[in-house]
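Single-letter residue listing:
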Amino acid sequence: MSVPARVRERAAQLRAALHEHAYRYYVLDAPAITDAEYDRLLRELRDLEAEYPELVTPDSPTQRVGAPPAAAFRPVRHRAPMLSLANAFDDAELEAWARRLRTVLGAEPVAFVCELKIDGAAVSLTYADGVLVRGATRGDGEQGEDVTANLRTIRSVPLRLRGAAPPLVEVRGEVYLPRSAFEAVNAEREARGEPRFANPRNAAAGSLRQLDPQVTAGRPLDIFVYGLGAAEGLAPASHWESLAWLRAAGFRTTPHARRCRALEEVKAFIRHWTAARATLDYDTDGVVVKVDAVAQQAELGTTAQAPRWAIAYKFPAAQAVTRLVDIAVSVGRTGALTPTAVLEPVRVSGVTVTSATLHNEDEVRRKDVRIGDWVLVQRAGDVIPEVVAPLPERRTGHERVFVMPDRCPICQTPVERPEGEAVTRCPNLACPAQIHLRLVHFASRDAMHIDGLGEKIIAQLLERGLVRDPADLYRLTAADLLTLDRMGEKLAQNLLDAIAGSRRTTLARLLYALGIRHVGAHVAARLAEQFPTVQALADASFEAIRDIPGIGPAIAASVHGFFRQEVNRRLVERLLAAGVVPEAPQGAAAPGPLAGAQLVFTGTLSRWTRKEAEALARAAGASTADGVTKKTTYVVAGTAPGSKLEKARRLGVRVLTEDEFARLAGA
Ligand code: IVH
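Reading the values: rules and limits
Residues numbered from 1 in each chain as written. Predicted model: local features only at pLDDT ≥ 70, side-chain atom pairs only at ≥ 80, totals over all residues. Heavy atoms only, no water. Helix = DSSP H or I, 4+ residues; strand = E, 2+ residues; numbered from the N terminus. Rg over C-alpha atoms; globule rule 2.2 N^0.38 Å. Buried < 20%, exposed > 50% of the residue type's maximum accessible area, 1.4 Å probe, protein only. Phe/Tyr/Trp six-rings, centres within 6.5 Å; stacked < 30°, edge-to-face > 60°. Lys NZ or Arg CZ within 6 Å of the ring centre and 35° of its normal. Salt bridge = Lys/Arg side-chain N within 4 Å of Asp/Glu carboxyl O. Near = heavy atom within 4 Å. Polar contact = N/O pair within 3.5 Å; in protein donor to acceptor, adjacent residues only side chain to side chain. Areas by Shrake-Rupley, 256 points an atom, 1.4 Å probe, with all protein chains shown as cover. Core = buried A, V, L, I, M, F, W, Y, C linked by side-chain atoms within 4.5 Å. Contact = heavy atoms within 4.5 Å. Pairing = 2+ DSSP bridges. Axes fitted to C-alpha atoms, helices over the stretch in contact; angles between N-to-C directions. Left-handed = near helix turned anticlockwise from the far one by under 90°. Nonpolar A, V, L, I, M, F, W, Y, C, P; charged D, E, K, R; others polar. Lys, Arg positive; Asp, Glu negative; His and termini not counted.

Here the focus is the overall build of the protein chain. A count of helices and strands for the protein chain gives 25 helices and 22 strands. In terms of overall dimensions, the protein chain is globule-like: its C-alpha atoms have a radius of gyration of 27 Å, near the 26 Å expected for 667 residues. For the protein chain, the spread of C-alpha atoms along the three principal axes comes to 80 × 75 × 60 Å. Per-residue burial for the protein chain yields a buried fraction of 48% across its 667 residues.

Written out as structure tokens, the structure is:
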């Protein structure tokens, strides 16, 4: 059956639009359409391809997931070897490297590029005539493994390059798992009876080497690219130019890169990130310093293992020894009992550590840590403190072995530990600790984002019997709130506004906010892509949920089980009845022109006060924030804008003039 020209054209249009929107969403972090609109386009393309299979191209956005599980990975030879890097551990070693450069380059000026060294798994992406044809792990540097199907599932990996494409190019980068996703991935592994990953790097490498791409698709991996391998038809004069080309071609490049003209600037960059890396959502283990000019790189050459023109300055390892004085047990949102090491305060890379999670009973036993032990602690990825191991040689015989309590420390309900699971749970859904944390989670930033509704206020609302579950929040009045400690009229009104504002939300946020086990923000987004409404998901069969790409049986069982419980169904009904509106219902009036966008204002506006402008933005469906982050969609700049404008430029956030804003807001 030949494909009618009209259909062929529409498919091409859809593919182009989907590429563009995925790029805006995953690479620029500046979506131009809502998730629901994106899904509609994707579904339309999928339907066309189902009807006319000859329309499917390898770079079609429908082809991210779908490859069948492989029996083994095929070996791939890299066209240009993937070298490693020489290390420097302090300034003296960095200076020694710079002196060695001088012996080759003489007195000519040298510019450097400094970049964060991302601690993940190295990969090489090969594009032929602009289309992704191969993705491989580093392997031994000469030969890696073909993990194309897995790399395709990473939404920020372009399936087709933007702009004019060279005949052939190898793009090198680091795949990583965001820190914020690490815990959820481990929780899911535990639920399946699989061992935890020790750190996000192992999680990234392990996820890339999954034989079933569906499993990889379920892990929110991301990538930063940092250079070129073999390249035909491309001749950048400097590394800085390569980075610019990569960005223009549609890649996420290492965001914190800086071109420096002197070694002092390099050192300042390193000093800054030694401390500031703690603020990032990914692990970095150092700074890579590269000679910028390609001609100078060629002059310097490489050794068998590493280029002479680059060096990795490693951040100091962060470990210390202290006493473990107790093991406390806390109860989490899902009832999980978590043992936590209470430590004698100790400084680890500049931060005082007083506690560290021990995860679960098995972990305590595996590490054989006892109460009273001297232990080695470190900050994993240099942020989250963890107990590495006890120092048994320092034991006195007075140490005590930890025993998991058999009752919930909060509500005294007998605890359960299901077969094959590592987690001990309090099964009482009405356990006060769980109710409290469920509400905190519901209001949190990535969930319903109710600004100002934090742990303390929620604790008071519960104590006073003003709320029992999330739906009650929408019935609160100013009079209710004014009974709380230190609550004034203004604060109460702000809180009521924030609660009211949270009614308008996305389905993904609502699903995440419900706090279903194993449903993190990423899984929630996947579910929302497949089901138009929360009711549709609630009525879906176990199989229908399990068959969604990236959702395994453990998640499916949890979601399905959640909606089989009467209390949960009632909660959803009450939320909807309270006016919580997930996405725009099909067929209803179009959402506001700024629906889903987050706006930040800077500088003085000529037509409105800041408050009026913010109200206009909200009326058009946008949210507003004070600071510029990756989540910001637009920055509206008036006269004399401040540092927010600069930050917007740095993050690639689109900047609007007052007039442009007025047009978008329909004002
Ligand atoms: S450049 C020829 N830049 O570090 C130079 N590598 O030992 C190739 N890495 O596993 C490396 N971030 O994947 C470079 N900004 C960055 C990097 C980076 C992480 C990894 C790389 C490799 C290791 C090098």
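Resuming the write-up.
Another point: the packing of aromatic side chains. Under the definition given, this model contains ten aromatic pairs. With a centroid separation of 5.0 Å and an interplanar angle of 20°, the aromatic rings of Tyr-176 and Phe-224 are classed as stacked. Linking Tyr-176 in strand 7 (residues 168-176) with Phe-224 in strand 8 (residues 222-232), this pair joins segments that are 48 residues apart in sequence. With respect to burial, Tyr-176 and Phe-224 carry one shared label: buried. Members of the aromatic cluster, each reached through a chain of ring pairs, are Tyr-176, Phe-224 and Tyr-282. Lying across the ring of Tyr-23, Arg-162 places its NZ or CZ 3.8 Å from the centre. A cation over an aromatic ring shows up here: Arg-394 above the ring of Trp-374, its NZ or CZ 4.3 Å from the ring centre.

According to the stated counting rule, one finds 35 salt bridges in the structure shown. Here Arg-77 ties to Glu-142 by a salt bridge, and the two come within 4.0 Å at their closest N and O atoms. A residue pair is termed long-range when its members are at least 10 positions apart, and Arg-77 in strand 1 (residues 75-77) and Glu-142 in the loop between strand 5 (131-137) and strand 6 (143-145) qualify at 65 residues. Looking at Glu-142, the relative accessible area reads 42%, which means it is partly exposed. Taking the shortest distance from any N to any O, the salt bridge between Lys-267 and Glu-264 comes out at 3.4 Å. Here Glu-264 and Lys-267 lie together in helix 9 (residues 263-276), a separation of three residues that amounts to about one turn. Exposure remark for Lys-267: the relative accessible area of 10% places this residue in the buried category. Note on Glu-264: relative accessible area 52%, which makes it exposed. Members of the salt-bridge network, linked through shared partners, are Glu-361, Asp-362, Arg-365 and Arg-417.

Close contacts around the ligand come from Ser-84, Leu-85, Glu-115, Leu-116, Lys-117, Ile-118, Ala-122, Glu-174, Tyr-226, Val-288, Lys-290 and Pro-307, and that covers them all. In this structure, an oxygen atom belonging to the ligand sits 2.6 Å away from a side-chain N or O atom of Tyr-226. Contact with the protein chains hides 86% of the accessible area of the ligand, taken as 520 Å² for the molecule alone. Contributing elements (two or more residues each) for the shell around the ligand: strand 3 (112-118) and strand 10 (284-291).

This part covers the nonpolar core. Counting residues in hydrophobic clusters, the biggest one holds 56 residues, and the most contacted among them are Ile-450, Leu-473, Tyr-474, Leu-527 and Phe-563. What Leu-527 contacts, discounting residues up to four positions off in sequence, is Leu-511, Val-519, Leu-537, Ile-545, Ile-548, Ile-551 and Val-559.

Before going further, it helps to examine the sheet that holds strand 7. Strand order across the open sheet formed by four strands is 5-4-7-8, with antiparallel pairing between neighbours. At either end of the open sheet lies a strand with only one pairing partner, and these are strand 5 and strand 8. Looking at each pair of strands side by side, their axes are set apart by 25° on average, direction ignored. Each of strand 7 and strand 8 is contacted by helix 8 (residues 239-248), which is oriented at about 115° to strand 8, the strand it contacts most.

Further remarks concern the packing of helix 1 (residues 5-27) against helix 2 (residues 35-51). When two helices pack together, their arrangement is given by the angle between the helix axes and by the axis-to-axis distance. Running from N to C, helix 1 and helix 2 point in directions that differ by 145°, and their axes come no closer than 10 Å. Helix-helix and strand crossings are classified by hand; for helix 1 and helix 2 the assignment is left-handed. Contacts between helix 1 and helix 2 involve Val-7, Arg-10, Ala-11, Leu-14, Arg-15, Ala-17, Leu-18, His-21, Ala-22 and Tyr-25 on the former and, on the latter, Asp-35, Tyr-38, Leu-41, Leu-42, Glu-44, Leu-45, Leu-48 and Glu-49. Residues that form the contact of helix 1 with helix 2 fall into these classes: twelve nonpolar, one polar and five charged.

Looking at where Lys-314 falls in the secondary structure, it is placed in strand 11 (residues 310-314). Buried Lys-314, no salt bridge; nearest opposite-charge side chain is Asp-285, N-O distance 4.2 Å.

Here we take up the environment of Glu-660. The residue Glu-660 is located in helix 25 (residues 658-664) in this model. Remark: the alpha-carbon pair of Glu-660 and Asn-568, spanning 92 residues in sequence, is separated by 44 Å. Once you skip the residues sitting within four places of it in the chain, Glu-660 turns out to touch Arg-654 and Val-655.

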